[in-house]
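# Descriptive analysis of the structure
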Amino acid sequence: MSQIQDFTHNGAEVRSERSPAPYGPLGKTVLGVVGTAPDADASIPKNKPYRVSSTRLAALLDTKGNERGTAVDFCNQVLKVTQVPIYVVIVDEGVDEAATINNIIGGTDADGQRTGTHALTECTEKPTHIFAPGYSSNQPVADELVAIGKRMYAIPVGDAPNTTDQAAITYCNGLPAVGTGYEAFYLVDNWPHVYSKAESSNVIIPASTMAATCFGRVLPWESPASNGGVVIAALSRQVDYDILDQSSQADLLMKNGVSVFVDTSEGYKLKGNRCIHGDFVNKKGLEYAIIRKLAATSESDMGKNLTERFMNQKVKSVNSMLKAMIVEEALMGCQVFLHPTLNSTEKYKSGCWAIAIEYAGYSPNEHMIYVLDEDDGIVDEFIGSIL
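As a starting point, this report considers the structure included with it. Treat the numbers as computed from the prediction; the structure is a model and nothing was measured.

### Description of the overall build of the chain
- Along the backbone of the chain there are 11 helices and 15 strands.
- Each principal axis of the C-alpha atoms in the chain carries an extent, and together these give about 100 × 85 × 40 Å.
- Long-range pairs, those at least 24 residues apart, make up 68% of the contacts in the chain between residues at least 6 apart in sequence.
- Only carbon and sulfur atoms are counted for the fraction: they give 50% of the accessible area of the chain, which is about 20,900 Å².

Next up, the structure:
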């Protein structure tokens with residue numbers, strides 16, 4: 001006798017399908033830096049991201065205690081004020097500055113290994129901000145830093161020349177236009193002096209290194225100029241700033257896309273909320289944080305059938321993630337829905353569909369206006385009360 005082909009089971013069966021896992025928060029600040037560390041421990045490979053999250057790990061970059069190398073200064077300064085993860089890519093110092101710059105820029109070697117700035121793409125945690133302190137005032141280095149930042153959705157932070165206000169403005173104005181990735185470039189001038197134990201005196205460090213301490217103390221969607229001052233001994237040159245003076249040197253620099261360290265009544269602070277083409281750096285940081293999270297949570301969904309249930313669940317998951325950010329005051333508001341015009345029969349047949357994400361982030365407090373209005377009515381009321 002043959003088997004009954006359409007018989008499955010005489011009994012019950014239970015199938016359980018869980019709803020999609022929550023996406024979790026957008027993530028906190030992670031710094032990535034390319035630099036030199038000639039006295040680093042031999043166990044730390046060159047041109048590979050090395051995660052530094054404590055002074056103990058940072059000490060391996062400087063086994064002789066001579067504080068040599070831009071990566072050493074960077075980690076020492078950041079870890080003085082915050083516990084943010086730092087991914088360090090060490091490159092060799094060349095026979096001259098031009099050779100070192102080429103090592104900082106990097107690329108891919110004959111063995112297929114990424115080197116220099118390109119090695120930042122291999123970090124286990126995606127950096128939110130990337131640096132090449134001391135070398136990013138060289139435009140080819142800045143160009144590469146911007147290109148990698150655009151690829152990784154990380155904010156590139158660079159140094160201006162540290163000579164004069166006009167030199168900083170000229171350098172900034174000569175950088176590429178919007179659409180090249182430079183709309184996310186945050187440029188800092190006026191390099192600070194800090195105390196060096198190795199030198200037993202003050203030394204000059206790149207402005208971007210000190211800016212990293214400011215970025216490290218805030219979330220990616222907050223301005224680095226929003227969280228107090230910086231611990232420095234002096235500045236390479238004085239840049240005039242007064243909170244009521246709209247014609248100060250600092251205002252002129254910021255108007256031309258250059259952020260700057262200044263001496264205020266409350267100590268030294270970083271001033272500047274904008275990238276070089278005018279975008280608020282915290283809003284660009286929010287945009288990039290959302291993109292990084294969407295990329296990280298989409299891989300597990302690839303290849304699944306585009307059923308109504310799947311599509312609605314995806315919309316719901318993205319919406320839940322962003323709604324949570326409203327509570328944390330990262331977002332002002334948001335809406336997530338199937339895109340009304342980008343979804344069509346032809347695109348669906350090609351496996352293509354679109355989710356619309358509308359959101360709004362907060363602007364930083366950049367300009368407060370107090371309106372004083374002397375009111376004769378108050379005087380009349382006073383006079384009337386005493387007569």
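Back to the text.
### As for the packing of aromatic side chains
- Within the structure shown, the criterion is met by five aromatic pairs.
- With a centroid separation of 5.2 Å and 75° between ring planes, the pair formed by Y182 and F185 is classed as edge-to-face. By the burial criterion, Y182 is buried, and F185 matches it.
- On the basis of an interplanar angle of 85° and a centroid distance of 5.2 Å, the ring pair of Y186 and F215 is categorised as edge-to-face.

### A look at the layout of surface pockets
- Size it by volume and the largest pocket reaches roughly 1,500 Å³.
- Lining of the largest pocket is provided by 50 residues; of these, Y241, N273, N365, E366 and H367 occupy positions nearest its centre.
- Counting residues per element, the lining of the largest pocket draws most heavily on strand β12 (residues 258–264), at four residues.
- Of the residues that constitute the lining of the largest pocket, the class distribution is 18 nonpolar, 18 polar and 14 charged.

### Some points on the pairing of strand β13 (residues 267–271)
- Counting buried residues in β13 gives four out of five residues, a clear majority hidden from the surface.
- Relative to β13, β12 runs antiparallel, the two being bridged by five bridges. Each residue of the ladder has a partner; that of V262, found in β13, is K269.
- Counted along the chain from β12 to the antiparallel partner β13, the turn is two residues long.

### Side note on a nonpolar patch on the surface
- Judged by side-chain polarity, V379, F382, I383, I386 and L387 come together as a nonpolar surface patch covering roughly 540 Å² of accessible area.
- On the secondary structure map, V379 appears in helix α11 (residues 376–386).
- The class of V379 is partly exposed, set by a relative accessible area of 43%.

### Considerations on helix α2 (residues 70–81)
- Along α2, nine of the 12 residues are buried, which leaves the element largely enclosed by surrounding structure.
- Taken together, the buried positions of α2 are T70, A71, V72, D73, F74, C75, Q77, V78 and L79.

### Let's talk about the nonpolar core
- Grouped together as the largest cluster of nonpolar side chains are 44 residues, with contacts concentrated most on V52, L61, I86, V88 and F261.
- Here I86 is in contact with L31, V33, Y50, R51, V52, F74, C75, V78 and L79, once residues within four sequence places are set aside.
- In this structure, V89, V91, I104 and I148 belong to the second largest nonpolar core, which totals 19 residues.

### Observations concerning the environment of Y359
- By secondary structure assignment, the location of Y359 is in strand β15 (residues 355–360).
- Among the residues examined, Y359 registers a relative accessible area of 36% and is labelled partly exposed.
- Along the chain, Y359 and F310 lie 49 residues apart, while their C-alpha atoms are 23 Å from each other.
- Setting aside its immediate chain neighbours within four residues, Y359 contacts L286, E287, I290, L331, G333 and C334.

### Brief notes about helix α5 (residues 165–173)
- Within the span of α5, buried status applies to D165, A168, I169, Y171 and C172. Each buried residue of α5 sits inside an arc of 160° when the element is viewed along its axis, so together they form one side. Residues Q166 and N173 are exposed on α5 and point more than 90 degrees away from its buried face.
- Close packing links the buried residues of α5 with α4 (139–152), β7 (155–159), β8 (186–189), α7 (249–255) and β12.

### Points about the pattern of salt bridges
- Tallied over the full model, the rule gives 14 salt bridges.
- Between E122 and K48 there is a salt bridge whose closest N-O contact spans 3.6 Å. Taken together, the residues E122 in the loop between β5 (114–115) and β6 (129–131) and K48 in the loop between β1 (31–36) and β2 (50–52) connect sequence positions 74 residues apart.
- A salt bridge links E346 to K349; the shortest N-O distance between them is 4.0 Å. With E346 and K349 both in helix α10 (residues 345–349), this residue pair falls three residues apart, about one helical turn.

### Remarks on the packing of α2 against helix α6 (residues 207–216)
- Between α2 and α6, the least distance of the axes is 8 Å, while the angle of their chain directions is 25°. Considering the angle they form, α2 stands roughly parallel to α6. The crossing of α2 and α6 is right-handed. Facing D73, F74, Q77, V78 and V81 of α2, the residues of α6 in contact are S208, T209, M210, A212 and T213.
- Tallied by class, residues from the contact of α2 with α6 come to five nonpolar, four polar and one charged.

### Topic: empty space enclosed by the protein
- This structure, assessed with the given rule, holds two cavities of 30 Å³ or more.
- In this structure, the largest cavity spans a volume of roughly 70 Å³.
- For the largest cavity, the full set of lining residues is Q77, K80, V81, M210, T213, R217, G229, V230 and V231.
- Of all the secondary-structure elements, those providing two or more residues to the lining of the largest cavity are α2 and α6.
- Take the lining of the largest cavity: its biggest share by element is three residues, from α2.
- Classifying every residue of the lining of the largest cavity by side-chain character gives four nonpolar, three polar and two charged.
- In this model, the second largest cavity occupies a volume close to 30 Å³.
- With three residues, the top contributor of residues to the lining of the second largest cavity is helix α8 (residues 281–298).

Reading guide: rules and limits
- Numbers given for residues are sequential positions, taken from 1 along each chain in its written order.
- Thresholds applied to this predicted model are a pLDDT of at least 70 for local features of residues and 80 or more for the giving and counting of side-chain atom pairs; totals over whole chains, interfaces and linings are not thresholded and use all residues.
- The basis for every side-chain value is the complete set of non-hydrogen atoms in the structure, without hydrogens or water.
- Helix and strand labels come from DSSP, where a helix needs a run of H or I of at least four residues and a strand needs a run of E of at least two; each type is numbered from the N terminus.
- Contacts are residue-level and defined by heavy atoms, with any inter-residue pair within 4.5 Å sufficient.
- Accessible areas in this description were obtained via Shrake-Rupley with a 1.4 Å probe; residue shielding takes into account the shown protein chains only.
- Ring pairs are drawn from Phe, Tyr and Trp, using the six-membered ring of Trp, whenever the two centres fall within 6.5 Å, and their geometry is named by plane angle: stacked under 30 degrees, edge-to-face over 60, tilted for the rest.
- Categorising residues by exposure relies on relative accessible area from a 1.4 Å probe, with only protein chains included: less than 20% of the type maximum marks a residue as buried, more than 50% marks it as exposed, and the intermediate range marks it as partly exposed.
- Using only the protein atoms, space was sampled on a 1 Å grid; points where a 1.4 Å probe fits but cannot get out form cavities, open sets with protein on both sides within 12 Å along at least five of seven lines form pockets, and lining residues are those with an atom within 4 Å of a point.
- Grid points are joined across faces, edges and corners, and a volume is the space filled by probe spheres set on the points.
- Each residue gets one of three labels, nonpolar for Ala, Val, Leu, Ile, Met, Phe, Trp, Tyr, Cys and Pro, charged for Asp, Glu, Lys and Arg, and polar for the others, Gly among them.
- For two strands to pair, DSSP has to find at least two bridges joining them.
- Patch members must show over 30% relative accessible area and no salt bridge, and they are joined within 9 Å when carrying like charges or within 5 Å when they are nonpolar side chains of Val, Leu, Ile, Met, Phe, Trp or Tyr.
- One side-chain nitrogen of Lys or Arg within 4 Å of one carboxyl oxygen of Asp or Glu is enough to make a salt bridge.
- Nonpolar cores are built from buried Ala, Val, Leu, Ile, Met, Phe, Trp, Tyr and Cys residues. Side-chain atoms within 4.5 Å join them into one set.
- This arc describes the spread of directions from the helix axis toward the C-beta atoms.
- Inter-axis angles, ranging from 0 to 180 degrees, are taken between N-to-C directions of lines fitted to C-alpha atoms, where helices are fitted over the stretch in contact.
- Should an angle fall under 35 degrees it is taken as roughly parallel, and over 145 as roughly antiparallel, whereas 65 to 115 is taken as roughly perpendicular and any remaining angle as oblique.
- Each crossing is labelled by how the near helix is turned from the far one, with a counterclockwise turn of less than a right angle marking it left-handed and a clockwise turn marking it right-handed.

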